[in-house]
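The residues making up each chain are set out below.
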Amino acid sequence: MAHKIYHSYDNNSYWKVCDPQNVLRATLNTIRGKRHRHDVQRLLNEGFIEAITEVWELLDKQKYIPSPYTKKTIREKTGGKLKTRVLKIAKLMPDRIIDHCLIDVIEDDLRKLFIANTYACIKGRGIHACLRDLNRALQKDKKGTKYCLKLDIHHYYDTIKHDKLKLIFRKSYGDKRMLWLMDTIVDSTEGNEGIPIGRLTSQHFANWYLTPFDHWVKEWLTPMVKKLFHARLYYFRYMDDMVFLCGNKEALHWAFEQIEARLLSELELTIKGNWQIFPVDARSIDFVGYKSNHYNVLARASILAAYWRKLRQVQKRYGITEEREVKMELSAHYGWLQHCSKEHFERILQLTINQLNPMSKENLRVGITSAEAQPTFDVIDRIKGTTLYNHNQHLEERTDEEGKKTKVNVYDSLLVAAPVTANTVLETLIAAKHSSSEEAKLLNDYNAAMLGIEEEAKKQPYLDFLSERKALRAMVDADCKLHNIPLA
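Residues numbered from 1 in each chain as written. Predicted model: local features only at pLDDT ≥ 70, side-chain atom pairs only at ≥ 80, totals over all residues. Heavy atoms only, no water.

Description of helix 19 (residues 459-482)
Threshold: To qualify as a helix, a DSSP run of H or I must reach at least 4 residues; to qualify as a strand, a run of E must reach at least 2; elements of each kind are numbered from the N terminus. Here the expected span of a helix is defined as 1.5 Å times the quantity of residues minus one. Working definition: with a 1.4 Å probe on protein chains only, accessible area under 20% of the residue-type maximum means buried, over 50% means exposed, and in between means partly exposed.
Taking 1.5 Å of rise per residue, 24 residues should cover 34 Å, and helix 19 covers 35 Å from first to last C-alpha, within 8% of that figure. By the burial criterion, the buried members of helix 19 are Lys459, Tyr462, Phe465, Leu472, Met475, Val476, Asp479 and Cys480. In the segment just after helix 19, asparagine 484 is the residue with positive phi, at about 60 degrees.

Considerations on the side chain of lysine 459
Heads up, the rule is: Any two residues having at least one pair of non-hydrogen atoms within 4.5 Å are treated as being in contact.
With respect to the helices and strands, the residue lysine 459 is situated in helix 19. Under the relative-accessibility criterion, lysine 459 is labelled buried at 18%. Other than its neighbours up to four places away in sequence, lysine 459 contacts Tyr446, Ala449 and Met450.

Observations concerning the sheet that holds strand 10 (residues 364-370)
Short version of the rule: Two strands pair under a simple rule: DSSP has to find at least two bridges between them. To obtain an axis, a line is fitted to C-alpha atoms, over the contacting stretch when the element is a helix, and the angle between two such axes runs from 0 to 180 degrees between their N-to-C directions.
The sheet built from four strands is open, its strands ordered 10-13-12-11 with antiparallel pairing. Edge positions in the open sheet fall to strand 10 and strand 11 (377-381), since each of these has one partner strand only. Here the strands of the sheet are splayed against their neighbours by 35 degrees on average, with no regard to which way each runs. Here strand 12 (residues 386-399) runs beside strand 13 (residues 405-416); their pairing, made up of eleven bridges, is antiparallel. By the bridge assignment for strand 13, glutamate 397 is matched with lysine 407.

What to know about the nonpolar core
Here is a general trend for soluble globular proteins: nonpolar side chains tend to be buried in one another's company. Using the following cut-off: Residues grouped as a nonpolar core are buried Ala, Val, Leu, Ile, Met, Phe, Trp, Tyr and Cys residues, joined through side-chain atoms within 4.5 Å.
Counting 77 residues, the largest nonpolar core has Phe213, Phe244 and Ile259 as the members making the most contacts within it. Element by element, the count of residues in this core is highest for helix 4 (residues 92-113), at ten residues. Core analysis: the next-biggest nonpolar cluster, separate from the first, contains 37 residues, Leu138, Leu245, Val288 and Tyr334 among them.

Shown next as structure tokens:
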């Protein structure tokens, strides 16, 4: 473990926490991006400078008493199981501001304590750095990463012991006022067990709590595995989720016994009963939202299911038909999937296009009738810019049930997502009439006929498609010009 951390010669690090500039910066960090929220609006209306002054006085005079938490129950599906979590939400003023005052000061210090293979709540690391390092180990040492031990802590946040956590604080800090603030935040939860899920300090304290264990793994367990089994042990941790890799299965079983005993004796933590040791290539490692093995990085099934569900919802609402629109409307999912293996990512994109093409046909309704002529461009959602392009309008004579002949307006209607230009209208219209696979087949047949592989008659369908496209372009350009719609 690292030595005690001191910020100045007189062992005083607390002055940085209650420094007015730090309080101001922490307050701005707390409300950043949240100006529309009621508690932030109330803070700004009641006096921003007064609030900063009050926080500074609470810290400087050590009068801070944590406010009662607001509890909120959330349910989330993880690994096919529904988990229920109780969040304890701290008040904006002064609790969350004070959290930032503390974390903004100690964050760099904590970074020096963490080993290189822990990734949660550390700037510059995170999920994708963990995924990168895990797959680097899998690719560089396939023989030495044949087996995986995967485990996590049972009810981790709820079982962190206050006295153990405070002892860990004291191994790194010697400033009594700094320790007073940390202890006060920890003791905001009654009893000697548990820290509140949802508070900024909790995630950092939870990560800190396992730091002695991390050093034990690197400094004692890894050398012992090397000595006893002549095998290398790889270790990766994201909060309380842990992955151990080794080429010797017996070494992992022995390591698990040592890990279980260490966590229980030193930190009073228990491992969930679903821990497992398995061959990496037989099942893949389900870790940080991806499934990794020696050959691929795949998206977790639950994340893919959420992506397809969101894609259907967005397509139904906005009528997207192209990959560039998927990037725009599903940017978070698209960015997440980009970290998968190239082949897997391209397969998902192909399936996406295949799903969009049949769905895009639903955007075109043909042969609609109305008593009167419809506006050519009818904006149905002014916020999103979604527009109906009503084209091919003409009068037809119809006979009603009583035998009377009447003239009705007949037209086709196309749903077009913003931005509405002549190009986007044409692309949406063609996608609704012809799928990308259909167009590709026509082009392939045409090229084959040009090379003499197929008969001459195979050329005509593609030429007809080009003629139809040219006619549609002329119609769309004329309508857009008439109604002042930009061409591109």
